[in-house]
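Observations on the model geometry
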Amino acid sequence: SQQGEEDPQALSIQEGENATMNCSYKTSINNLQWYRQNSGRGLVHLILIRSNEREKHSGRLRVTLDTSKKSSSLLITASRAADTASYFCATAQGAQKLVFGQGTRLTINP
Amino acid sequence: GAVVSQHPSWVICKSGTSVKIECRSLDFQATTMFWYRQFPKQSLMLMATSNEGSKATYEQGVEKDKFLINHASLTLSTLTVTSAHPEDSSFYICSASYQGKQETQYFGPGTRLLVL
């Protein structure tokens, strides 16, 4: 069963604006990961944040993790048209098994 | 680095036939491979996890006799959809991880299956 729920399900913003997506989960985790999926393609790993970390940066990406609220957020700054994709959070519960959220469909308008 | 390929990228078959999908790690040895299924505009559902040389571990509700998984080498896993039916039409994605960085999965580009 899917553990993560993402909010919003769809997001449409203007190029240059920041995009924020949220993910909530239900059980204890080892780490939480964010992936991007372009339409009809495989997933690209963006960033991994461990359960003992609160914030992580990678380029224009900023991820936060609040284990007390069982939630995470992904911020994409200065969005570009190429950022248009679906974004999924995934929680690692065991050694390797990932459980994916429902995803946020992000559209960047030029 | 850490590139995973899938073949074919899409396949159309008649109901009742079997279809084999290959997943290859091109530049690393994949100690573990995963198979997912994704319906349109939905999330990925893990079907099974396979370690090289051992039987796959299937998720609850996934028929192991219908979705045969073989992980015969450290660079190749195959998923065979046996006696495919229209309801098996979906997007199948594999991923792989390697020893030393097992937390991260590297995904293939997916295979779109359409059963007529």
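If you're wondering where the values come from, they're calculated on a predicted model, not measured in any experiment.

A few points about the interface of chain B and chain A
- Each partner contributes to the interface: chain B provides 22 residues, whereas chain A provides 20 residues.
- Across the interface of chain B and chain A, roughly 1,700 Å² is buried in total on both sides, 49% from carbon and sulfur atoms.
- The three residues of chain B that bury the most area against chain A are B:Ser43, B:Glu103 and B:Phe107, which together make up 32% of that side's buried surface.
- One can count two salt bridges joining chain B with chain A.

As for the confidence of the model for chain B
- Confidence in the prediction for chain B averages 93 pLDDT; 100% of positions are at 70 or higher.
- Of all secondary-structure elements in chain B, the lowest mean pLDDT belongs to strand β10 (residues 101-107) of chain B, at 87, while strand β11 (residues 111-115) of chain B reaches the highest, 97.

Considering a nonpolar patch on the surface
Residues and elements named next belong to chain B.
- Together, Trp 10, Ile 12, Leu 114 and Leu 116 give the surface a local cluster of nonpolar side chains, amounting to about 460 Å² of exposed area.
- Locating Trp 10 in the fold gives a position in strand β2 (residues 10-13).
- The class for Trp 10 is exposed, based on a relative accessible area of 59%.

A short note on the packing of aromatic side chains
- Evaluated as defined, the whole model comprises ten aromatic pairs over all chains.
- Here A:Phe100 and B:Phe107 contribute two aromatic rings whose centre-to-centre distance is 6.0 Å and whose plane-to-plane angle is 80°, an arrangement assigned as edge-to-face. Here B:Phe107 lies in strand β10 and A:Phe100 lies in strand β10 (residues 98-100), a pairing that spans two chains. Note on accessibility: A:Phe100 and B:Phe107 belong to one class, buried.
- Connected via pairs of aromatic rings, a cluster forms that spans A:Tyr35, A:Phe88, A:Phe100, B:Tyr36 and B:Phe107.

A look at unusual backbone geometry
- In this chain, A:Asp7 is followed by A:Pro8 through a cis amide linkage whose omega measures 0°.
- Turning to its location among the elements, A:Pro8 is positioned in the loop between β1 (5-7) and β2 (10-14).
- Not every positive phi belongs to a glycine, and A:Lys70 is a case in point at roughly 50°.
- By the element assignment, A:Lys70 lies in the loop between β7 (61-66) and β8 (71-76).
- On the basis of relative accessibility, which here comes to 30%, the residue A:Lys70 falls in the partly exposed class.
- Here B:Lys41, not a glycine, exhibits a phi torsion of approximately 60°, which is positive.
- With respect to the secondary-structure elements, B:Lys41 resides in the loop between β4 (32-38) and β5 (44-51).
- Among the residues examined, B:Lys41 registers a relative accessible area of 73% and is labelled exposed.

A few points about the state of the cysteines
- Per the stated rule, a full pass over the model turns up two disulfides over all chains.
- Between the sulfur atoms of A:Cys23 and its disulfide partner A:Cys89 the distance amounts to 2.0 Å. The S-S bond linking A:Cys23 to A:Cys89 shows a torsion near 65°; that makes this disulfide right-handed. Of this pair, A:Cys23 sits in strand β3 (residues 19-24) while A:Cys89 sits in strand β9 (residues 85-92); the two residues are 66 residues apart in sequence, bridging distant segments of the chain.
- Between the sulfur of B:Cys23 and that of B:Cys94 lies a disulfide, 2.0 Å long from S to S. With the S-S dihedral at roughly 80°, the linkage between B:Cys23 and B:Cys94 falls on the right-handed side. Separated by 71 residues along the polypeptide, B:Cys23 in strand β3 (residues 19-25) and B:Cys94 in strand β9 (residues 90-98) bring together distant segments of the chain.
- In this structure B:Cys13 is not part of a disulfide, and its nearest cysteine sulfur, from B:Cys94, lies 18 Å away.

What to know about the nonpolar core
- Counting 26 residues, the largest nonpolar core has B:Phe67 and B:Leu113 as its most contacted members.
- Other than its neighbours up to four places away in sequence, B:Leu113 contacts B:Val11, B:Cys13, B:Val19, B:Val81, B:Asp88, B:Ser89, B:Ser90 and B:Tyr92.
- Judged by nonpolar contacts, the second largest core, of 22 residues, contains A:Ile13, A:Ile29, A:Ile47 and A:Cys89.

Calculation notes
Residues numbered from 1 in each chain as written. Chains lettered and ligands numbered in written order. Predicted model: local features only at pLDDT ≥ 70, side-chain atom pairs only at ≥ 80, totals over all residues. Heavy atoms only, no water. Contact = heavy atoms within 4.5 Å. Buried area = accessible area lost by both parts, 1.4 Å probe. Salt bridge = Lys/Arg side-chain N within 4 Å of Asp/Glu carboxyl O. pLDDT = per-residue confidence, 0-100. Helix = DSSP H or I, 4+ residues; strand = E, 2+ residues; numbered from the N terminus. Patch = residues over 30% accessible without salt bridge, like charges linked within 9 Å, V, L, I, M, F, W, Y side chains within 5 Å. Areas by Shrake-Rupley, 256 points an atom, 1.4 Å probe, with all protein chains shown as cover. Buried < 20%, exposed > 50% of the residue type's maximum accessible area, 1.4 Å probe, protein only. Phe/Tyr/Trp six-rings, centres within 6.5 Å; stacked < 30°, edge-to-face > 60°. Disulfide = S-S within 2.5 Å. Core = buried A, V, L, I, M, F, W, Y, C linked by side-chain atoms within 4.5 Å.

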